[in-house]
Amino acid sequence: MCELQIFLIMSVIILGIESSCDDTSAAILRDGELLSNVTAGQAVHEMYGGVVPELASRAHQQNIIPVVDAALKKAGVERNDISAVAFTRGPGLMGSLLVGTSFAKGFALGLDIPMIDVNHLQAHVLAHFVREPGVEPHLPEFPFLCLLVSGGNSQIILVKSYKEMQVLGQTIDDAAGEAFDKCAKVMGLPYPGGPYIDKYAKMGNPKAFAFAKPHIKGFDYSFSGLKTSFLYTLRDAQKEDPNFVQNHLYDLCASLQKTVIDILMDKVHKAMKETGVKHLAVAGGVSANSGLREAFEDYGRRHRVEVYIPKFSFTTDNAAMVAITGYYKYLDNDFCAVDLAPYARVSI
Ligand code: KG4
């Protein structure tokens, strides 16, 4: 047997599939190292100002085969080399999850390989463990705290191991990304508004406007009061100046972003202090926000804790994070049955 054959036999190659919302993504991971990560977004939702579930699942159906095909080609891996298929089981939109789950079932049955179900929230956290060829790894040490902030979640998680994660606090209403997107919509910005707010905030004064901050006990978050406060500020000001948003767009974005970051960091600090943990990570779509990334770096410097900020391509939904979660489950022989159903709602 030649050296290459031995290498292929010993390697664990995972195909990861992500289809929980409006991104169809496939990734190939060899022994924890990323070979490819291909994502197709869905522009169809832009004109509706939010994700339309039925359109999302139809787009997943169109995208899934070309995306998997592209991921295999980019990785230089043949289907028969794959050790297992890891897929997002939930939480997410049921129609979208069904496409990824059904594809994974067909693929696994066809190749007679095991399937691994992945919790989407755990995958966001474990995205920090994806290693890339030629890139110096900066992997979190257990235990660490992870702020998971996306369009659907705002949670502070105590991560004890690859498998053991405890939610210390979470939003009791809107998620941070939802607050960004809803406030952006009120200002007439396209969906999703988070990246636009980030862009315009760089040119504005974060102290120009003061918006309401919640007073919630423990580590939980709330963003609905901020959203209402933002809406009322605009409504009142527009009575005097109908062009108020256009005239103050940059200051509004900077002040809103600062308020969201202050709310997030306040509870992060409280959780770090009370747990005594010395490693801190951020994950999820909102972790792409430049102000939040700076706030984390600044926190690390001031409090002498090690901070982990994901690469931009691992912030929003992607299959690399599903593949790495699947990889650790594979090492534990933690496989799922082929008749398993996806779930729309589930905690970490
Ligand atoms: O994790 P994700 O891709 O999807 C789920 O929620 O499942 O997160 C999407 C969220 C959206 O609310 C979007 O506005 C927000 O992440 N987002 C940002 C930025 N980039 C994406 N929010 C603020 N600043 C950004 N740069």
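So, how was this worked out
Residue numbers here run from 1 along each chain, matching the order of that chain's written sequence. Confidence filtering applies because this is a predicted model: local features only for residues at pLDDT of at least 70, side-chain atom pairs given and counted only at 80 or more, and all residues used for totals across whole chains, interfaces and linings. As a rule here, side-chain values cover all heavy atoms of the structure and leave hydrogens and water aside. Partly exposed residues are those whose accessible area sits between 20% and 50% of the maximum for their type, while under 20% is buried and over 50% is exposed, using a 1.4 Å probe and protein chains only. The numbering of helices and of strands both runs from the N terminus, where a helix is a DSSP run of H or I of at least 4 residues and a strand a run of E of at least 2. Pairs of strands are assigned from DSSP output, requiring at least two bridges between the strands. Either an automatic procedure or a domain database provided the assignment from which the domain bounds are taken. By the convention used here, residues are in contact when the closest approach between their heavy atoms is within 4.5 Å. Within this document, salt bridges are pairs made up of a side-chain nitrogen of Lys or Arg and a carboxyl oxygen of Asp or Glu, the two lying within 4 Å of each other. Polar contacts, as counted here, are pairs of nitrogen or oxygen atoms within 3.5 Å of one another; within protein the pair requires one atom able to donate a hydrogen and one able to accept it, and residues that are adjacent in sequence qualify only if both atoms are side-chain atoms. Gly is placed with the polar residues, together with every amino acid not listed as nonpolar (Ala, Val, Leu, Ile, Met, Phe, Trp, Tyr, Cys and Pro) or charged (Asp, Glu, Lys and Arg). Here the expected span of a helix is defined as 1.5 Å times the quantity of residues minus one.

Describe the pairing of strand β1 (residues 13-18), and please don't skip the residues or the numbers.
For a regular strand, side chains alternate in direction, first toward one face of the sheet and then toward the other. Counting buried positions along β1 yields six of six residues, so the element is predominantly enclosed. Burial of the side chains of β1 extends over both faces: Ile13, Leu15 and Ile17 are buried on one face and Ile14, Gly16 and Glu18 on the other. Relative to strand β2 (residues 24-30), β1 is paired through six bridges, and the arrangement is antiparallel. Within β2, the position partnered with Gly16 by the bridge is Ala27. The turn joining β1 and β2, which pair antiparallel and follow one another in sequence, is formed by five residues. In this sheet, strand β4 (residues 84-90) lies alongside β1 in parallel orientation, the contact comprising four bridges. Pairing of Ile14 across the sheet is with Ala84, part of β4.

Lay out the domain arrangement of the chain with the relevant residues and their values.
The domains assigned to the chain are domain 1 (3-135 + 316-331) and domain 2 (144-276). Placing a centre on the C-alpha atoms of domain 1 and another on those of domain 2 gives a separation of 30 Å. If you look at the interface, domain 1 gives eleven residues, while domain 2 gives twelve residues. Our enumeration of links across domain 1 and domain 2 arrives at zero salt bridges. Where domain 1 meets domain 2, there are one residue pair in polar contact (both at pLDDT 80 or more). The element best represented in the side of domain 1 that touches domain 2 is helix α4 (residues 120-126), accounting for five residues. Residue composition of the side of domain 1 that touches domain 2, grouped by class: six nonpolar, four polar and one charged.

Would you mind going over helix α9 (residues 290-303) in detail, with residue names and values included?
Taking 1.5 Å of rise per residue, 14 residues should cover 20 Å, and α9 covers 20 Å from first to last C-alpha, within 8% of that figure. Among the residues of α9, those classed as buried are Ser290, Gly291, Leu292, Arg293, Ala295, Phe296, Tyr299 and Gly300. Elements that come into contact with the buried residues of α9 comprise β6 (144-149), α6 (194-201), α8 (244-275), β9 (279-283) and β10 (306-308). N-cap assignment for α9: the residue whose side-chain oxygen lies 3.0 Å from the backbone N of Gly291 is Asn289.

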